[in-house]
Amino acid sequence: MHLDLTEEQSRIKFSVREFAEAEIAPHVMAWDEPQQFPLELQPKLAEMGLMGIIIPEAYGGAGLGYIEYATIIEELARVDPSVALGVAAHNSLGTNHIFTAGTEAQRETFVTPLARGEKLGAWALTEPGSGSDAAGLSTTAVRQNGHFVLNGNKNFITHASYADTCVVLASTDRSKGTHGISAFIVPTDTPGFVRGKKENKLGMRASDTASLAFVDMKVPAENLLGRENEGFVDALRILDGGRISIASLSVGIAQGAYEAALRYARERYAFGRPIAEFQAIQWKLADMATQIEAARLLTWKAAAMKDAGKRTTKESAMAKLYASEMAVRVAEEAIQIHGGYGYTKDYPAEKFWRDAKLCTIGEGTSEIQRLVIAREMLRQP
């Protein structure tokens, strides 16, 4: 078992770190305060190969593995979790679903421009009445004369306001529950595709999150993604990789919060010496660093298994569960170490804390992760 990055992986890690500190760090609060989605960053991300990280080079991607992917998301989140979330959603959900379940024609038509960063992707599963309960999906798709007609609503969709291509999950046979759900590739200029309300969020404010509506939207039958009624089965496989994304995002948030707290502890004097010399602060920093390392190793294990072609349902859920809850704890301790300054926007601790909480909710809540882990454990003899 290799617990260190290779020389090439380390090179990728530090090149992304340099990019994030140069191109993203100066704008973090300027994007966060007005909830500005940084569209101007997309060409720069594309130039770095970050819009198709896990997509093969033949389809315009970087052709990297999940270890590299996890490292990249962590490095982006260490500086701005909103940007990392956008890159993760584009790569592992929308683009990867089309690549994984799509036909060769669908890959060439849709994956290539997404992986090159020429277009932006979204993935629409969650609805106002069905988040964790996917069987309660109310969006419908009815086959008619060589196309499907979609009607329904989605919410909490990343990139909903700006995406060019969206993967939409809809019920094609309600009597079959989750085995009656299909996936569709939908260009967002399709008549009947309606962009809705943008959410006013606690954190991840520079990441666009909005609702969608489909009103008698006609989608060509050739845009059916995967087999009819098997869309949710494919979506579960996509979520295994997506949970590695959120685990990596969580590790990056915690790393950024920890580094901010460590820096402040060395600079802040109390009673004539840096507060880093006090045992109470040292123990907080020690616990933070230990928990981050544990979460990173859990994430790398899931990523390595994914790269090896193994099923990672349990491992991805474990990594996502532990890392997301760890990120909230570490970010909160970072605020505590900063004292009153941690509660102000003059220091980065409060933003890491605001951003961290989403990680325990998105792509399956902590409660759902525990159900997934328990189910996988009970399957074992």
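See the structure printed just above.
In this report, the structure presented in the accompanying data block is examined. (Residues numbered from 1 in each chain as written. Predicted model: local features only at pLDDT ≥ 70, side-chain atom pairs only at ≥ 80, totals over all residues. Heavy atoms only, no water.)

**Re the packing of aromatic side chains**
Then step 1. For the structure on display, the rule yields 9 aromatic pairs.
Then step 2. Note on Tyr264 and Tyr347: the rings are 5.7 Å apart at their centroids and 85° apart in plane angle, and the pair reads as edge-to-face. On the criterion of sequence distance, the pair formed by Tyr264 in helix α7 (residues 231–267) and Tyr347 in the loop between α9 (313–338) and α10 (349–356) is long-range, its members being 83 residues apart.
Then step 3. Taking the relative accessible area as the measure of exposure, Tyr264 reaches 7% and is therefore buried.
Then step 4. Taking relative accessible area as the criterion, Tyr347 reaches 29% and is therefore assigned partly exposed.
Then step 5. Relative to Phe278, the ring of Phe271 lies with its centre 6.3 Å away and its plane at 80°, an arrangement referred to as edge-to-face.
Then step 6. For Phe278, a relative accessible area of 22% gives the class partly exposed.
Then step 7. By the ring-pair criterion, three or more aromatic residues cluster together here, those being Tyr264, Tyr341 and Tyr347. (Phe/Tyr/Trp six-rings, centres within 6.5 Å; stacked < 30°, edge-to-face > 60°. Helix = DSSP H or I, 4+ residues; strand = E, 2+ residues; numbered from the N terminus. Buried < 20%, exposed > 50% of the residue type's maximum accessible area, 1.4 Å probe, protein only.)

**Focus: the nonpolar core**
Then step 1. Ile24, Leu76, Leu249, Leu285 and Ile337 are the most contacted members of the largest nonpolar core, which totals 69 residues.
Then step 2. Where this core is concerned, the elements lending two or more residues are α1 (7–24), α2 (28–32), α4 (66–79), α5 (81–101), α7, α8 (279–307), α9 and α10.
Then step 3. Among the elements that line this core, the one with the most residues is α7, at 13 residues.
Then step 4. Setting aside chain neighbours within four positions, we find Ile337 in contact with Ala261, Tyr264, Ala265, Ile275, Ile281, Lys284, Leu285 and Met288.
Then step 5. Of all hydrophobic cores here, the second largest spans 25 residues; its members include Ala89, Ile98, Phe110 and Val111. (Core = buried A, V, L, I, M, F, W, Y, C linked by side-chain atoms within 4.5 Å. Contact = heavy atoms within 4.5 Å.)

**Here's the deal with the pairing of strand β4 (residues 165–171)**
Then step 1. In terms of burial, β4 is largely enclosed, as 7 of its 7 residues are buried.
Then step 2. Across the two faces of β4 the burial is the same, with Thr165, Val167, Leu169 and Ser171 and Cys166, Val168 and Ala170 all buried.
Then step 3. Pairing of β4 with strand β5 (residues 181–187) involves 7 bridges; the strand directions are antiparallel. The residue of β5 that forms the bridge with Leu169 is Ala183. (Pairing = 2+ DSSP bridges.)

**Points about α5**
Then step 1. Its 21 residues give α5 an end-to-end C-alpha distance of 28 Å, which sits within 8% of 30 Å, the value for a rise of 1.5 Å per residue.
Then step 2. The principal kink in α5, of about 40°, is found at Thr95.
Then step 3. α5 sits mainly inside the fold: 20 of its 21 residues count as buried.
Then step 4. At the N-terminal boundary of α5, the capping side chain belongs to Asp80, with an oxygen 3.0 Å from the backbone nitrogen of Ser82. (Expected span 1.5 Å × (residues − 1). Bend = angle between axes of the 7 residues up to and from the residue. Polar contact = N/O pair within 3.5 Å; in protein donor to acceptor, adjacent residues only side chain to side chain.)

**Some thoughts on the pairing of strand β3 (residues 147–158)**
Then step 1. With 9 of 12 residues buried, β3 lies mostly within the body of the structure.
Then step 2. Note that strand β2 (residues 140–144) and β3 share 5 bridges and pair antiparallel. Bridging from a neighbouring strand, Thr140 pairs with Asn151 of β3.
Then step 3. Taking the residues that link successive antiparallel strands as the turn, the β2-β3 hairpin has 2 residues, and the phi of Asn145 there is positive, at about 50°.
Then step 4. Pairing analysis gives 9 bridges linking β3 to strand β7 (residues 209–220), with the strands arranged antiparallel.

**With respect to unusual backbone geometry**
Then step 1. Here Asp216, not a glycine, exhibits a phi torsion of approximately 45°, which is positive.
Then step 2. Looking at the element boundaries, Asp216 is found in strand β7.
Then step 3. Backbone geometry places Phe271, a non-glycine residue, at a positive phi of 55°.
Then step 4. Position of Phe271 among the secondary structure elements: in the loop between β9 (269–270) and β10 (273–274).

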